[in-house]
Amino acid sequence: MAYTHDLVADCLQFERAFCTAKCPFNLDVRDFIGKLQQGRFNVAYKAYQNAVGFPGIVTALCPEPCRLVCPMKDAGGAISIIQLEKAAMEYARNQDPDEYNMPAKNQRIAIIGAGISGLGCALRLITRKYPVTVFEKSAQIGGHLHDLLPSEVFMQDINRQFIQENYNLRLNTEITSLSDLDFDAIYIATGKNGTDFGAESGRDGVFKGGSLTGADTMQAIAQGLNAAGTIERYLKTGIMVLPEELSGTKLIADAIQIIPGEAVIPANGTSFTRDEALAEAKRCLKCSCDACVRYSPLMSYFKKFPRRITEEVEVTIHPSTLDGNGTVATRLISTCNHCGLCKEVCPQNIDTGEFLLQSHRAMHEKGAMPWAFHEFYLRDMDFSNHEAALTRMPSGYEKSRYLFFPGCQLGASDPRYVTESYRFLTEHFPDTALMLYCCGAPAEWAGDDVLHQKGIEKIKSDWINLGKPKAIFACPMCRQMFEKYLPEIEGEFLYNLMDEEGIVPIGLTDHSTASVFDPCASRNKPSVQKTIRELAIRSGFELEPLPMEGRLAGCCSYGGQVAIAYPPYAEHIVQAKIEQSENPYITYCANCRDIFAAAKKPAWHILDILFGLGNANRIPPTVTERRNNRLLLKQQMLKSFWNETEIMLIPDFMLIISSELKEKLNKALILETDVYRIIESCEQTGMKLFNPETGSFSGHLQIGNTTYWVEYRINKDSGYELLNAYCHRMKIEEA
Amino acid sequence: MPETTKMICCKCNKELEMIKTDFSYLGHSFFTEVPKCPECGQVFIPEELARGRISEVEMQMEDK
């Protein structure tokens, strides 16, 4: 997991806002305005006062460089930070500086020049209890401020800021040589055209700043304030390190979500009322790079940036206690849909999804990932790759140019999706082979590398035996998996091929206005996104766009198979996706189609439309039916295309289950085949319980790691009647 | 389990009694009293226990 630190090294979460980067005082505008937005004028003022030292002088003279870089300047007007600063001053309960109770220091500091830079340095140092002597050759303090402001304006501010502390002021005292001064450190701020005594800043405890160094008024104050920190560091450590020049910001304008709003103009023409200040503060976007948290469903749901996620994941994989307590992110790791949207919207291309996938693998390898999160899906994958698997070449061919790889869930949703597609393909390309198999996504999502690799190797060897054909995909996720793990296999989408071959859509009679829901795995496949839209329009649909489509395609909730690990999150995602539009959806992933339909959102698979198969309200099959459909598909394919009729694959047993109970089993991911197996086990072993009140039997069986319970009755004529079924993950230690 | 539910072990023809039973999940072990055949040890976990307290403890273990 060396990947962690590299991952967030480029994250811009903590980059300074554009305005802050331009501010000579490095005022944290996000923090300042955040306080104002809450109506906390007093604390906002304190933050401002701490940053600028002399709030009255700065608000009077600041040329507002922040306005030029405010992203709101073309969206209603730049935020008037200076007016907000004035409002913070005006509406603060107390403008006086706070008094700090700190031990007095014994190192003495000389400041040459009582201009505003020297005073700034003095202010900071005496607040930290250093004895400070300020030498001024003239008879007054304030330096060049006398040329800029009426003295009562700046003197009022200076006097207020020094109200808590005293310094030794030596007016009419011109210093001619630094050797006359016996101090531990010296700050030279002798103003424009002043002398620097030939000293080099940063040597032997001597520092320079202010107009002497060419700084303007704001920079002069900022340099004075910052010099105090540099001097203190020198006095404590002996290290002469000049203040680091903060250079701009890496924040990217495109990452900021602009919400236009007209600038608030003070009704009295000069200053904001409290309400006006609040309104203006609320226009501020508090610019920060938060594209991931805005777009990624995972990060927005958990309100966590990549940095926080990596930290939590790190301690989860490497817990600091032996018993593994504090593995805070186990469920978070298992809740990523792996849709790729976080990387897509990140200006730095940070791939948090890939990081979580690697983390999932690490947890799996350690045996620290709860098996329950993926057991059902891995059993399902095993079913696809064994009972329901079929790899064949059309009779009479020794080699295929094409291989149709429909993916395990297409036929599970409706076998006709696969039979009709294969019929189309073999009509146009008679040597097209078929592979009913799983692309490996469930194993990848479960972090089970060994199982995943096994599946990949099987696909690869079958593909070689078929003559290395080009794969034709119906499912964007399958294609993504092939591109990632089987890059040697060239691929194409079924829909593009259908379009090229001039398919004439049978279409539907109930079509209307619809929206195409791009599956997340189609994100980087604009050609198939375009083809689907063209096919839908040719089928008679009018299309309206969704807010999140194309490169911003989001997961329907199926990705990562997160529904067991965190059901409320999966439900939240489904709702968010179906609420994007009132239109019915057209999609080209069987999982998207079935998940939306299960949530009562009318949704077609594009194959429903092209082959005239189904209506948008078709109730998706239950987990049991999904298995039966795959067996049915295999049987139909063998019969229709290979003329093999003797196979009866669908389990047929005498078990009565009410429709309500079937729905309950489906929601609990309990297979009817498992239920039957448990009842049979109870009956064969006699390990069952009798409830004399209801006349029913109960029994249990552990299948995989899960313990299933059934309650049933025995009817002489009709076999078993299931009354209830449920399961738990905890193992009963019966031995 | 509700007081009224009476379960009979079909193997031993004995009524189940509340007996201490061991459970395990994700490397952690627990014990609690559940209905159990005093003879062969066959247990009964009612649905409300499975979906209630057992489910809660499972989630705690998963997040531990």
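Residue positions are given per chain, counted from 1 along the sequence in the order it is written. Each chain gets a letter, beginning with A, and each ligand a number, beginning with 1, in the order they are written. Local features in this predicted model are restricted to residues of pLDDT 70 or higher, and side-chain atom pairs are both shown and tallied only at a pLDDT of 80 or more, whereas totals for entire chains, interfaces and linings draw on every residue.

Caption draft 1: Spatial organisation of the domain arrangement of chain A. Residue and element names in this part refer to chain A. By the assigned domains, chain A splits into domain 1 (18-95 + 250-283), domain 2 (109-237), domain 3 (290-369), domain 4 (375-501 + 621-634), domain 5 (513-610) and domain 6 (655-728). Domain 4 and domain 5 are separated by 21 Å when their C-alpha centres are compared. Contacts between the two partners involve 20 residues from domain 4, matched on the other side by 23 residues from domain 5. Here a helix means four or more residues in a row that DSSP labels H or I, a strand means two or more in a row labelled E, and each is numbered from the N terminus. Listing elements by their share of the side of domain 4 that touches domain 5, those giving two or more residues are α18 (375-385), α19 (408-413), α20 (415-428), α21 (441-445), α23 (476-485) and α24 (494-500). When residues are grouped by polarity, Ala, Val, Leu, Ile, Met, Phe, Trp, Tyr, Cys and Pro land in nonpolar, Asp, Glu, Lys and Arg in charged, and all others, Gly among them, in polar. In the side of domain 4 that touches domain 5, the residues fall into 12 nonpolar, 5 polar and 3 charged. Each domain span listed reflects an automatic or database assignment of domains. Residue pairs are scored as contacts if the distance between their C-beta atoms, which are placed from the backbone, is within 7 Å.

Caption draft 2: Summary view of the interface of chain A and chain B. Contacts between the two partners involve 25 residues from chain A and, on the opposite side, 29 residues from chain B. Among the residues making up the side of chain A that touches chain B, the classes are represented as 9 nonpolar, 9 polar and 7 charged. Direction of pairing for strand β20 (residues 731-733) of chain A relative to strand β3 (residues 17-25) of chain B: antiparallel, over a ladder of 3 bridges. Residue Glu 733 of chain A lies in a different strand from β3 of chain B, and its bridge partner there is Asp 22 of chain B. Note on pairing: two strands pair once DSSP finds at least 2 bridges between them.

Caption draft 3: Just helix α10 (residues 217-237) of chain A, in detail. Take the residue count of a helix, subtract one, and multiply by 1.5 Å to get its expected span. An ideal rise of 1.5 Å per residue puts 30 Å on 21 residues; α10 of chain A measures up with 30 Å between its terminal C-alpha atoms. Following α10 of chain A by one or two positions, Gly 238 of chain A adopts a phi angle in the positive range, close to 80 degrees.

Caption draft 4: Quick look at the packing of helix α8 (residues 116-127) of chain A against α10 of chain A. All names here are of chain A. Relative orientation of the contacting elements α8 and α10 amounts to 35 degrees, with a least axis distance of 7 Å. As α8 packs across α10, the resulting crossing turns out to be right-handed. Between α8, through Ile 116, Ser 117, Gly 118, Leu 119, Gly 120, Cys 121, Arg 124 and Leu 125, and α10, the contact on the second element is made entirely by Thr 217, Ala 220, Ile 221, Gln 223, Gly 224, Leu 225, Ala 227, Ala 228 and Ile 231. Residue composition of the contact of α8 with α10, by class: 10 nonpolar, 6 polar and 1 charged. What counts as an axis is a line fitted to C-alpha atoms, over the stretch in contact for a helix, and the angles between N-to-C directions run from 0 to 180 degrees. Note: crossing handedness is left-handed where the near helix turns anticlockwise from the far helix by less than a right angle, and right-handed where it turns clockwise.

Caption draft 5: Seen up close, unusual backbone geometry. Residue and element names in this part refer to chain A. Its identity is not glycine, yet Phe 197 carries a phi of approximately 55 degrees, on the positive side. You can see Phe 197 is positioned in the loop between β4 (185-188) and β5 (206-208). Here a residue counts as buried when 20 or more other C-beta atoms fall within 10 Å of its C-beta, as exposed when 12 or fewer do, and as partly exposed in between; the C-beta atoms come from the backbone. For Phe 197, a count of 18 C-beta atoms within 10 Å puts it in the partly exposed group. For His 338, which is not glycine, the phi dihedral falls at a positive 55 degrees. For His 338, the position within the fold is in the loop between α15 (330-333) and α16 (341-345). Judged by local crowding, His 338 falls into the buried class, with 24 C-beta atoms found within 10 Å.

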